[in-house]
Amino acid sequence: MTAMADPATRPTVDQVWDWLADVPDPEIPVVSVSDLGIVREVRWDGDTLVVAVTPTYSGCPATAVIDMTIESHLREQGIGRLRLERRLSPPWTTDWITPAARDKLRAYGIAPPVDGTAAAGAAAGRAARLSGQGLSVACPRCGSADTERVSQFGSTPCKASYRCRDCLEPFDYFKCH
Amino acid sequence: MPSLPDMTTPDVMALARDAAASQPHDPHLQDVDLKPAFFDWLCRMGDNTAILGHRISEWCGHGPVLEEDIALANTALDLIGHTQMWLGLAAEVEDAGRTADDLAFLRDAMKYRNVQLVELPNRDMAHTLMREFLFDAWHVEMLTALLQSGSPRVAEIAAKALKEVGYHVERSSDLVVRLGDGTDESHARMQDALDRLWPYAGELFLGDGVDAAVAKAGIAPAPGDLRAAWERTVDAVLDEATLRKPEGRFDVHRGGKQGRHTEHLGFILAEMQFLQRAYPGASW
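Along every chain, residues carry numbers that run from 1 in the direction the sequence is written. Both sets of labels track the order of writing: A upward for chains, 1 upward for ligands. Owing to the predicted nature of the model, reporting of local features is limited to residues with pLDDT of at least 70; listing and counting of side-chain atom pairs is limited to 80 or more, with chain, interface and lining totals taken over all residues. Here the side-chain values reflect all heavy atoms present in the structure, with hydrogen atoms and water set aside.

Looking up chain B in an unreviewed UniProt entry gives the name Phenylacetate-CoA oxygenase, PaaI subunit, with the organism given as Oceaniovalibus guishaninsula JLT2003.

As annotated in an unreviewed UniProt entry, chain A carries the name Putative phenylacetic acid degradation protein and is attributed to Oceaniovalibus guishaninsula JLT2003.

Re the sheet that holds strand β1 (residues 39-45) of chain A
Residues and elements named next belong to chain A. Convention followed: In short, DSSP must find at least two bridges between two strands for them to pair. Under the DSSP-based scheme used, a helix requires at least four consecutive residues in state H or I and a strand at least two consecutive residues in state E, with every element numbered from the N terminus. Orientation is described by lines fitted to C-alpha atoms, with helices fitted over the stretch in contact, and by angles between N-to-C directions that extend from 0 to 180 degrees. We call two residues contacting when some pair of their heavy atoms lies within 4.5 Å.
Strand order in the open sheet formed by three strands is β1-β2-β3, with mixed pairing between adjacent strands. Where the open sheet ends on each side, the last strands, each with one partner, are β1 and β3 (82-86). Across the sheet, the axes of successive neighbouring strands diverge by a mean angle of 20°, strand direction being ignored. Where β1 lies against strand β2 (residues 48-53), six bridges are found, and the strand directions are antiparallel. Paired with glutamate 41 across the strands is alanine 52, a residue of β2. Each of β1 and β2 touches helix α1 (residues 13-20); the most contacted strand, β1, lies at about 140° to it.

Here we look at the packing of helix α2 (residues 35-57) of chain B against helix α8 (residues 209-216) of chain B
How two helices sit against one another is set out by the angle between their axes and by the gap between those axes. Residue and element names in this part refer to chain B. Here is the rule we go by: Any angle that falls under 35 degrees is termed roughly parallel, while one over 145 is termed roughly antiparallel, one within 65 to 115 roughly perpendicular, and all others oblique. Just so you know the grouping, Ala, Val, Leu, Ile, Met, Phe, Trp, Tyr, Cys and Pro go in nonpolar, Asp, Glu, Lys and Arg go in charged, and all remaining residues, Gly too, go in polar.
At a closest axis distance of 9 Å, the pairing of α2 and α8 adopts a crossing angle of 105°. Taken together, the axes of α2 and α8 lie roughly perpendicular to each other. Counting all contacts with α2, which are made through Ala37, Phe38, Asp40, Trp41 and Arg44, the residues of α8 involved are Val210, Asp211, Ala213 and Val214. A class-by-class count of the residues in the contact of α2 with α8 yields six nonpolar, no polar and three charged.

What about α2 of chain B?
Every α-helix carries 3.6 residues per turn, so stepping three or four residues along brings you back to the same face. What counts here: Each helix should span, by expectation, one fewer than its residue count multiplied by 1.5 Å. Only protein chains enter the accessibility calculation, which uses a 1.4 Å probe. A residue is then buried if its area is under 20% of the maximum for its type, exposed if over 50%, and partly exposed in between.
In this model α2 of chain B runs 32 Å from its N-terminal to its C-terminal C-alpha over 23 residues, within 8% of the 33 Å that 1.5 Å per residue would give. Taking burial as the measure, the 23 residues of α2 of chain B include 20 buried ones, the bulk of the element.

Section: the sheet that holds strand β7 (residues 170-174) of chain A
Residue and element names in this part refer to chain A. Overall, mixed pairing links the four strands, which are arranged β4-β7-β6-β5 in an open sheet. Where the open sheet ends on each side, the last strands, each with one partner, are β4 (110-111) and β5 (147-151). With four bridges connecting them, β5 and strand β6 (residues 159-164) associate as antiparallel partners. By the bridge assignment for β6, glutamate 148 is matched with arginine 163.

Let's talk about the pattern of salt bridges
Residue and element names in this part refer to chain B. Heads up, the rule is: By definition here, a salt bridge exists when the distance from a side-chain nitrogen of Lys or Arg to a carboxyl oxygen of Asp or Glu is within 4 Å.
Taken as a whole, this structure holds 35 salt bridges over all chains when the rule is applied. The salt bridge involving arginine 44 is made with aspartate 211; its shortest N-O contact spans 3.2 Å. Here aspartate 211 lies in helix α8 and arginine 44 lies in helix α2, a separation of 167 residues in the sequence. Each member of the pair, arginine 44 as well as aspartate 211, is classed as buried.

Quick word on the domain arrangement of chain A
All names here are of chain A. Note the threshold: For every domain, the bounds stem from an assignment made automatically or drawn from a database. Once two parts are brought into contact, the accessible area they lose, counted with a 1.4 Å probe and summed over both, makes up the buried area. Pairs of N or O atoms are called polar contacts if they sit within 3.5 Å, as long as, within protein, a hydrogen donor faces a hydrogen acceptor (for residues adjacent in sequence, only side-chain-to-side-chain pairs).
According to the domain assignment, chain A contains domain 1 (2-86) and domain 2 (97-174). Contacts between domain 1 and domain 2 engage 10 residues on the former and 12 residues on the latter. On the domain 1 side of the interface with domain 2, the three residues burying the most area are Ile28, Val30 and Asp35, jointly 48% of the side's total. The interface formed by domain 1 and domain 2 holds one salt bridge in total. Of the charged contacts, one joins aspartate 35 and lysine 104 as a salt bridge, the two residues approaching to 2.8 Å between their closest N and O atoms. For the pair domain 1 and domain 2, the number of links is two residue pairs in polar contact (both at pLDDT 80 or more).

Side note on a nonpolar patch on the surface
What counts here: Patches draw on residues past 30% relative accessible area with no salt bridge. Two like charges within 9 Å are joined, as are two nonpolar side chains (Val, Leu, Ile, Met, Phe, Trp, Tyr) within 5 Å. Computed with a 1.4 Å probe, the accessible areas rest on the Shrake-Rupley method; for each residue, only the protein chains presented here act as cover.
Residues Phe274, Leu275 and Tyr279 of chain B make up a contiguous nonpolar surface patch of roughly 360 Å² in combined accessible area. As for its position among the elements, tyrosine 279 of chain B is in the segment after α10 (264-278).

Considerations on helix α9 (residues 227-240) of chain B
Residue and element names in this part refer to chain B. As a reminder, the rule being used: As used here, the arc is the angular range of directions from the helix axis to the C-beta atoms.
Here α9 is 14 residues long and its end C-alpha atoms lie 20 Å apart, about the 20 Å a rise of 1.5 Å per residue gives. Residues Ala229, Trp230, Thr233, Val234, Val237 and Leu238 constitute the buried set of α9. The arc that holds every buried residue of α9, seen down its axis, measures 155°, which confines them to one face. Exposed and facing more than 90 degrees away from the buried side of α9 are Arg232 and Asp239.

The structure is reproduced here in structure tokens:
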């Protein structure tokens with residue numbers, strides 16, 4: 001891989017970003033790691049490619065699989081020297097999910113996050129309780145706004161469980177973070 | 001099967017150095033006078049989340065309804081994620097070649113620094129939820145205060161963890177209200193849980209020399225500073241839940257932060273640490 005040492009012949013950072021756009025999230029394979037906004041930086045450090053990745057939820061078991069998938073994908077493209085960095089700050093937010101990815105989530109049956117509704121702390125919790133949790137999440141199947149929350153938690157750390165009162169289907173909501 | 005990321009560079013210490021080099025600069029990590037207190041304080045943060053995370057993970061597969069089972073497992077997962085961050089930083093501060101895993105799986109009870117509240121048995125759902133609520137209400141205030149920490153490494157962990165803990169307290173306070181102000185049976189169980197757990201809650205607000213040292217260094221608030229905000233949350237939720245706040249002292253049971261634990265912690269560690277004790281160095 002000595003070619004990578006030569007800036008003239010190694011892949012550009014833009015080329016690497018293009019490759020990353022094809023790396024699927026292990027749990028929601030219709031969106032890529034770059035769609036989710038979890039790849040924070042790509043840069044060359046000498047002849048080593050550095051990819052900074054931020055975790056979605058701090059205990060998300062997919063984190064190690066995401067790193068592994070990114071690594072194997074880039075190695076297939078001929079990247080020999082590679083270092084993955086974990087970057088905590090600024091913490092990941094669902095605001096970084098691209099508009100195109102939100103459409104893909106909806107088409108896949110997952111309601112995309114309603115921005116600005118993350119539980120920010122005790123005050124948010126009290127407000128949510130007192131206001132009867134007035135968040136309106138549209139059903140990804142029939143589009144009805146007449147839905148109810150079953151649980152703030154769901155099949156993966158990033159999701160809540162909802163049910164549509166019109167078409168009666170249960171569905172996942174990618175909760176705001 | 002592609003290799004795992006940490007297998008590309010077999011030298012774990014080199015990996016740790018690389019990782020440390022990519023982190024924001026934090027002068028507190030080089031302060032040798034501060035090191036013992038900073039390390040102990042980080043263990044307290046990480047041990048609280050490790051032990052509570054382990055405790056509530058015991059419900060996995062045993063929850064009363066599927067949604068509660070999933071919620072508890074997710075909360076446990078978040079807390080174990082926080083543990084990796086806190087104990088990972090503790091290991092860096094200690095700088096003695098230990099990792100977060102070493103600290104979690106190879107320390108015995110006397111070296112654990114969690115408050116006694118989090119090691120108490122689950123008993124029933126009422127105790128599990130009440131303990132979660134009393135802890136969550138503190139956790140939110142602590143992490144919110146740590147956003148302003150003079151240590152950038154501590155502040156970034158707090159910012160990450162707080163996003164998740166916001167959901168924890170929303171859920172636990174909601175359920176305390178619904179079960180407290182529920183049936184006669186659920187009300188009686190929630191009141192019993194509160195009466196039993198109350199004398200353990202106050203340890204969260206007791207400070208010692210370790211707390212004073214990290215507070216002086218601008219890393220964390222003095223524990224007592226969080227009490228007023230915690231009481232506001234707790235009083236409001238208990239009031240709405242029609243539960244009676246116990247009149248006795250809330251800081252009777254203490255010492256967990258200094259390594260003095262109830263008999264329950266040993267049983268948790270026996271289960272948690274069995275594999276690493278029986279098969280030292282075992283890895284996936």
